[in-house]
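Structural description and commentary
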Amino acid sequence: MKIETYIDSLISYGMNCGLTEPEDHRVLQNKLLELLQLDEYIPSDEPQSEDLEEILMGLLDYACEKGLCEDNITARDLFDTKIMGLITPMPREIIRTFREKYAIDPVSATDWYYKLSCDTDYIRRYRIAKDMRWKYASEYGEIDITINLSKPEKDPKAIAAAKNAPQSGYPKCLLCPENEGYAGRMNHPARQNHRILPITIDGNSWFMQYSPYVYYNEHCIVFNSQHIPMKIDRTAFRKLLDFVTLFPHYFVGSNADLPIVGGSILSHEHFQGGHYTFAMETAPIESAVTFAGYEEIEAGIVKWPMSVLRLNGNDPDRLADLAEKILNAWRGYSDEECGILAFTNGEPHNTITPIARRRGKKYELDLVLRCNITTEEHPLGVFHPHADKHHIKKENIGLIEVMGLAVLPSRLKKELSDLADAIVSGSAIRGDETLSKHADWVDELKAQYAFTEENALSILLQETGKVFAAVLEDAGVYKNTESGKNGFINFISYVNKEAE
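Right, let's walk through the structure included here. The numbering scheme is per chain: residues are counted from 1 as the chain's sequence reads. Owing to the predicted nature of the model, reporting of local features is limited to residues with pLDDT of at least 70; listing and counting of side-chain atom pairs is limited to 80 or more, with chain, interface and lining totals taken over all residues. Hydrogens are left out, water is left out, and the side-chain values use all remaining heavy atoms of the structure.

This next bit is on the overall build of the protein chain. For helices the rule is a DSSP run of H or I covering at least 4 residues; for strands it is a run of E covering at least 2, with both sets numbered from the N terminus onward. When helices and strands are tallied, the protein chain shows 16 helices and 15 strands. Based on C-alpha atoms, the radius of gyration is set beside the globule rule, defined as 2.2 Å times the residue count to the power 0.38. On C-alpha atoms alone, the protein chain measures out to a radius of gyration of 25 Å, which is about the 23 Å that the 2.2 N^0.38 rule sets for 500 residues. In terms of principal-axis extent, the alpha carbons of the protein chain reach across some 80 × 60 × 40 Å. Classification of residues uses two cut-offs on accessible area relative to the type maximum, computed with a 1.4 Å probe and protein chains only: under 20% is buried, over 50% is exposed, and between them is partly exposed. Classification of the 500 residues of the protein chain by burial places 56% in the buried group. Pairs at least 24 apart in sequence give 64% of the contacts found in the protein chain among residues at least 6 apart. Counting rule applied: Lys, Arg positive; Asp, Glu negative; His and chain ends not counted. Where a charge sits is defined by one atom per residue type, namely NZ (Lys), CZ (Arg), CG (Asp) or CD (Glu). Each charge sign in the protein chain was given a centre, from 53 positive and 76 negative side chains, and these centres are 3 Å apart. When checking whether two residues touch, look at their non-hydrogen atoms; a contact exists if any pair is within 4.5 Å.

A few words now on helix H16 (residues 482-498). In a helix, the anticipated span is given by 1.5 Å times the number of residues less one. Spanning 17 residues, H16 covers 24 Å between terminal C-alpha atoms, matching the ideal 24 Å at 1.5 Å per step. Looking at the packing, one finds that the buried side of H16 touches strand E8 (285-289), strand E9 (298-302), strand E10 (308-313), helix H11 (316-331) and strand E14 (362-371).

As a further point, take unusual backbone geometry. The step from Tyr170 to Pro171 runs through a cis peptide bond, and the omega angle for that step is -15 degrees. A positive phi angle, near 75 degrees, is found at Ile260, a position not held by glycine. You can see Ile260 is positioned in the loop between strand E6 (251-253) and strand E7 (270-274). On the basis of relative accessibility, which here comes to 21%, the residue Ile260 falls in the partly exposed class. Positive phi is not limited to glycine here, since Asn345 has a value of about 55 degrees. The topology assignment puts Asn345 in the loop between strand E11 (343-344) and strand E12 (347-348).

Before going further, it helps to examine the sheet that holds strand E2 (residues 141-147). The strands that make up a sheet are held in pairs by hydrogen bonds between backbone atoms, and each pair lies either parallel or antiparallel. Note on pairing: DSSP must find at least two bridges between two strands before they are called paired. Across the sheet, which stays open at both edges, the three strands sit in the order E1-E2-E15 with mixed pairing between neighbours. Looking at which strands have only one partner, the edges of the open sheet turn out to be strand E1 (132-138) and strand E15 (405-408). On average, each strand axis in the sheet is inclined to that of its neighbour by 20 degrees, with strand direction left out of account. Bridging between E1 and E2 involves seven bridges; their strand directions are antiparallel. Paired with Tyr136 across the strands is Ile143, a residue of E2. Structural elements are reduced to axes, namely lines fitted to C-alpha atoms, with helices fitted over the stretch in contact, and the angle between N-to-C directions of any two is expressed from 0 to 180 degrees. Here helix H15 (residues 456-475) sits on the sheet in contact with E1, E2 and E15, set at roughly 65 degrees to E1.

Time to look at the sheet that holds E8. Spatially, the ten strands line up as an open sheet ordered E3-E4-E5-E7-E6-E13-E14-E10-E9-E8, and their pairing is antiparallel. Only two strands of the sheet have a single neighbouring strand rather than two, namely strand E3 (197-201) and E8. On average, adjacent strands in this sheet sit at an angle of 25 degrees to one another, irrespective of strand direction. Where E6 meets strand E13 (residues 350-359), two bridges bridge the pair, whose relative direction is antiparallel.

Once that is clear, we can look at helix H1 (residues 3-16). Helix length check: H1 (14 residues) gives 20 Å between terminal C-alpha atoms against 20 Å at 1.5 Å per residue, within 8%. Counting buried positions over the 14 residues of H1 gives eleven, a clear majority of the element. Contact partners of the buried residues in H1: helix H2 (25-35), helix H3 (52-65), helix H4 (73-85), helix H6 (106-119) and helix H7 (125-128). The positive-phi residue at the C-terminal boundary of H1 is Gly18, with phi of around 80 degrees.

Here the focus is the packing of H1 against H3. Their axes nearest at 9 Å, the elements H1 and H3 cross at an angle of 140 degrees. The angle between H1 and H3 places the two elements in the oblique class. Here H1 and H3 pass one another in a crossing that is left-handed. Contacts between H1 and H3 involve Ile3, Tyr6, Ile7, Ser9, Leu10 and Tyr13 on the former and, on the latter, Leu52, Glu54, Ile55, Gly58, Leu59 and Tyr62. When its residues are assigned to classes, the contact of H1 with H3 shows nine nonpolar, two polar and one charged. Here is the rule for angles: anything less than 35 degrees is roughly parallel, anything more than 145 is roughly antiparallel, 65 through 115 is roughly perpendicular, and the remaining ranges are oblique. For any helix crossing, the convention is left-handed if the near helix is rotated counterclockwise from the far helix by under a right angle, and right-handed if that rotation is clockwise. Each residue gets one label: Ala, Val, Leu, Ile, Met, Phe, Trp, Tyr, Cys and Pro are nonpolar, Asp, Glu, Lys and Arg are charged, and the others, such as Gly, are polar.

One broad trend across soluble globular proteins is that nonpolar side chains are buried collectively. As used in this record, nonpolar core signifies buried Ala, Val, Leu, Ile, Met, Phe, Trp, Tyr and Cys residues forming a set joined through side-chain atoms within 4.5 Å. Core analysis: the biggest nonpolar cluster contains 94 residues, and Phe243, Phe291 and Leu311 have the highest contact counts within it. Non-local contacts of Phe243, meaning those with residues more than four positions away in its chain, are made with Ile199, Ile201, Met208, Cys220, Val222, Tyr250, Phe251 and Val252. Grouped together as the second largest cluster of nonpolar side chains are 53 residues, Ile392, Val402, Ile423 and Ile429 included.

For the rest of this paragraph, the subject is the pattern of salt bridges. Salt bridge, as used here, is a side-chain nitrogen of Lys or Arg placed within 4 Å of a carboxyl oxygen of Asp or Glu. A complete count under the given rule lists 35 salt bridges for this structure. The shortest N-O distance in the salt bridge between Lys389 and Asp474 comes to 2.9 Å. Of this pair, Lys389 sits in the loop between E14 and helix H12 (399-402) while Asp474 sits in helix H15, placing them 85 residues apart in sequence. Both residues of the pair, Lys389 and Asp474, count as buried. Note that Asp443 and Arg430 form a salt bridge whose closest N and O atoms lie 2.7 Å from each other. Linking Asp443 in helix H14 (residues 439-446) with Arg430 in the loop between helix H13 (411-425) and H14, this pair joins segments that are 13 residues apart in sequence. A single network of salt bridges, built from pairs that share partners, joins Glu281, Arg310, Arg357, Arg359, Glu364 and Asp366.

For Asp242, the location among the structural elements is in helix H9 (residues 234-246). Residue contacts for Asp242: discarding those within four places in its chain leaves Thr200, Ile201, Asp202 and Gly203.

Within the secondary structure layout, Gly203 lies in the loop between E3 and strand E4 (204-210). Along the chain, Gly203 and Ser108 lie 95 residues apart, while their C-alpha atoms are 24 Å from each other.

Structure, rendered in structure tokens:
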């Protein structure tokens with residue numbers, strides 16, 4: 001196709017998606033000519049493309065050919081985001097339209113905002129479609145397993161360029177509001193097509209956006225307008241409950257505020273939410289419990305591999321009060337028989353991963369007890385994926401995994417496929433530099449299954465889900481054993497005793 005065809009196609013795409021209006025045509029055309037350093041333009045007589053990935057690839061190939069853009073994945077992402085920024089409406093338009101729709105119906109407002117985030121290519125749908133997703137039927141419910149392939153792998157040239165790029169403290173992190181409209185650089189993604197929504201929760205100024213990687217439906221990020229660190233306390237519970245008051249069709253949760261059991265960004269207070277039902281939400285109460293002074297709140301231990309207390313009630317303030325009481329008790333609680341130590345050498349280890357949602361008109365809080373203690377046997381964390389499972393999952397168990405969605409490393413797509421081929425062909429796995437980490441696991445599976453060319457990969461995918469369920473059990477502070485269940489009950493008794 002001619003370059004003019006790609007230009008015309010992009011302008012038509014913007015209008016068809018409602019990003020631009022017919023009156024904008026000439027200005028958009030001239031902005032694209034300026035970006036591509038074209039002095040002349042004749043409208044193309046070729047059929048236009050309606051596929052955004054194809055349109056952007058054509059524009060990028062031209063830019064690389066003419067020396068306007070380096071030909072590596074990072075530089076191309078920076079350049080095509082600059083292109084999409086030209087057809088992305090200004091924040092004032094987004095905010096005005098969202099508020100108009102929200103006044104009628106919060107669901108239609110978030111539906112519109114999510115589609116906008118996809119149409120502007122902030123969420124790259126064609127990359128998300130490459131992610132591998134399947135379900136594993138565990139004893140705790142259907143757990144979601146994903147292998148994330150939407151984050152592009154950087155080539156060596158891009159890595160070197162990022163390393164040599166000038167360091168900057170602006171924006172301070174990937175969550176700061178200053179990312180909106182930012183041009184990016186080799187070591188920081190471009191965000192010209194990024195638009196955030198101002199919201200007020202618990203009387204404070206916050207923003208909402210969607211994750212560009214969308215691990216689940218309408219995966220949103222809610223973040224403080226100020227660059228302040230994560231902190232789990234009563235105000236955090238109150239903010240979560242306030243958010244689901246604003247958006248009752250969404251859940252929202254927070255990563256814990258300590259390393260190992262927290263998320264990847266602890267320096268900027270933020271939550272994650274969305275329009276999705278995780279296995280943990282549908283898990284039943286295994287043991288009902290009562291907290292003294294809060295008898296009107298339904299409470300119980302959830303049947304889940306991790307240690308979860310569920311609170312359900314009508315008054316969000318009362319829920320936040322009880323959650324704070326449980327948190328404060330847990331912060332100072334030790335149970336050496338279960339391997340739980342609140343402090344070592346003055347360093348705190350206990351915290352909570354909280355999740356809020358609505359059940360009809362009622363509010364619900366799930367409080368997941370976390371402890372980041374380490375030992376010589378488990379240097380990465382006692383309540384962290386153990387070494388025998390690192391061939392599948394070595395990274396921290398954050399909020400998303402806690403709720404029952406495995407976000408597994410991209411390497412596993414090829415490794416599991418190669419592993420299936422090696423098992424069927426009888427190749428030596430222990431001698432393979434990449435696959436040898438899976439050798440003990442494969443030996444166990446060979447004793448259980450008759451592998452064939454037809455079933456090998458399917459078996460490995462299901463057994464990967466089984467490993468992840470066991471990873472969640474590793475992360476649970478109270479195990480699903482008699483002593484673990486007794487330990488959990490002892491903690492609840494301790495909370496009630498503190499109330500006396």
